[in-house]
Amino acid sequence: VSTQSTWGTAAAPQQAGQRGHLATDKQSSQYIVREAAQCLKGDLLDFQDLCKHPYSPINNLWVNLLPLRKALRKHRPFPMLCTLRPLDRSVPASPTVFQLHIPLSGLLTLPGAQAIVVPPTRHLPITTASELLLARSDVYEQQGALLVLHNSLKRPPSVQLDPIYDNITALDQMLANGVPSLLRCEELAVKGLVVFKQHTVLEGCLAYENQLDIPLLVDRKAQQEETHAQPYFNCTSCPSLCSIQ
């Protein structure tokens, strides 16, 4: 890495579902960072093509202040992102507003910026409720200041939570009795309100769907032996709190 670089970032192999990646400008050969908020819906599949865009920047930055100060005076403005957010993030039904911000990754557009490839073990993205659930579970172990994948696993299970859990309050309510064990889980999908009992163990491929306003209560051990099945538990007819035994 050159000591004259204005800015550097660590880049790790991209994982499915991530919201940004490194790319190269065809005219200037300069690195650029593309965010999902900058992508048109019709381009989303191409945007998420891991063969085309294999790397994403991670939150490790190196800055040479003197060259950076000169570059900031000369190269402005940086790309601005515009995203729709609820005015009160804890109340999804609150009025929708535009959030304008300039990501720090915009510095990568400066001349002389570099990217350094690091192994995936250096990168544990937590940008969604699904990723936060995994990080809180026994899938990861704490080693000093780091969270590392459990030594019995080659990869974490696939977790897809309903967008309602992007509200941290809803996620905390789902996990109020404790985080379920996911060590033996391969896939987990949750749609609607769900609450896990204490010491719940999830195994195989599981999916829960609840169309009621009353939470679905998942019992202490839930498993599905047929890993390719889609065992949705539909609770539209239950008059009270639903429980899977």
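Residues numbered from 1 in each chain as written. Predicted model: local features only at pLDDT ≥ 70, side-chain atom pairs only at ≥ 80, totals over all residues. Heavy atoms only, no water.

**Considerations on the overall build of the protein chain**
- Scanning the protein chain for helices and strands turns up 4 helices and 16 strands.
- The proportion of buried residues among the 245 residues of the protein chain is 36%.
- Within the protein chain, contacts between residues separated by at least 24 positions form 55% of all contacts whose residues are at least 6 apart in sequence.
- When the accessible surface of the protein chain is summed, it comes to about 15300 Å², and 53% of that surface belongs to carbon and sulfur atoms. (Helix = DSSP H or I, 4+ residues; strand = E, 2+ residues; numbered from the N terminus. Buried < 20%, exposed > 50% of the residue type's maximum accessible area, 1.4 Å probe, protein only. Contact = heavy atoms within 4.5 Å. Areas by Shrake-Rupley, 256 points an atom, 1.4 Å probe, with all protein chains shown as cover.)

**Looking at the environment of H199**
- Relative to the assigned elements, H199 resides in the loop between β12 (194–196) and β13 (201–209).
- The exposed category is assigned to H199, whose relative accessible area is 58%.
- Each C-alpha atom of the pair H199 and D219 lies 8.9 Å from the other, and the pair is 20 residues apart in sequence.

**Thoughts on the pattern of salt bridges**
- Evaluated as defined, the whole model comprises 2 salt bridges.
- R136 serves as the salt-bridge partner of D172, at 3.1 Å between the closest nitrogen and oxygen. Here R136 lies in helix α3 (residues 129–136) and D172 lies in helix α4 (residues 168–174), a separation of 36 residues in the sequence.
- The partner of R184 in a salt bridge is E203, and the shortest N-O contact between them spans 3.6 Å. One end of the pair, R184, is in strand β11 (residues 181–191); the other, E203, is in strand β13, and 19 residues separate them in sequence.
- For R184, a relative accessible area of 60% translates into the label exposed. (Salt bridge = Lys/Arg side-chain N within 4 Å of Asp/Glu carboxyl O.)

**A word on the nonpolar core**
- L161, Y165, L188, L202 and Y208 are the most contacted members of the largest nonpolar core, which totals 23 residues.
- The set of elements that each furnish at least two residues to this core consists of α3, β10 (158–161), α4, β11, β12, β13 and β14 (216–218).
- The leading source of residues in this core is β11, at 4 residues.
- Every residue in contact with L161, bar those within four places of it in the chain, is listed here: A129, S130, L133, L171, M174 and V190. (Core = buried A, V, L, I, M, F, W, Y, C linked by side-chain atoms within 4.5 Å.)

**Points about helix α2 (residues 65–74)**
- All of the buried residues along α2 are P67, L68 and A71. Seen from one end, α2 has its buried residues packed into an arc of 100°, which puts them on one side. Residues of α2 that are exposed and angled more than 90 degrees away from the buried face: L65, L66, K70 and R73. (Arc of directions from axis to C-beta.)

**What to know about the packing of aromatic side chains**
- Counting across every chain of the model gives 1 aromatic pair.
- Aromatic side chains F196 and Y208 sit 6.5 Å apart centroid to centroid with 80° between the ring planes, which places their arrangement in the edge-to-face category. Of this pair, F196 sits in strand β12 while Y208 sits in strand β13, placing them 12 residues apart in sequence.
- Residue F196 is classed as buried on the basis of its relative accessible area of 0%.
- A relative accessible area of 0% places Y208 in the buried class. (Phe/Tyr/Trp six-rings, centres within 6.5 Å; stacked < 30°, edge-to-face > 60°.)

**A look at the confidence of the model for the protein chain**
- For the protein chain, the mean per-residue pLDDT works out to 76, and 76% of the residues sit at or above 70.
- Across the protein chain, the secondary-structure element scoring lowest on mean pLDDT is strand β16 (residues 242–244), at 37, and the one scoring highest is β12, at 94.
- Every residue in residues 224–245 scores below 50 in pLDDT, and together they form 43 contacts with partners more than four places removed in sequence or on other chains. (pLDDT = per-residue confidence, 0-100.)

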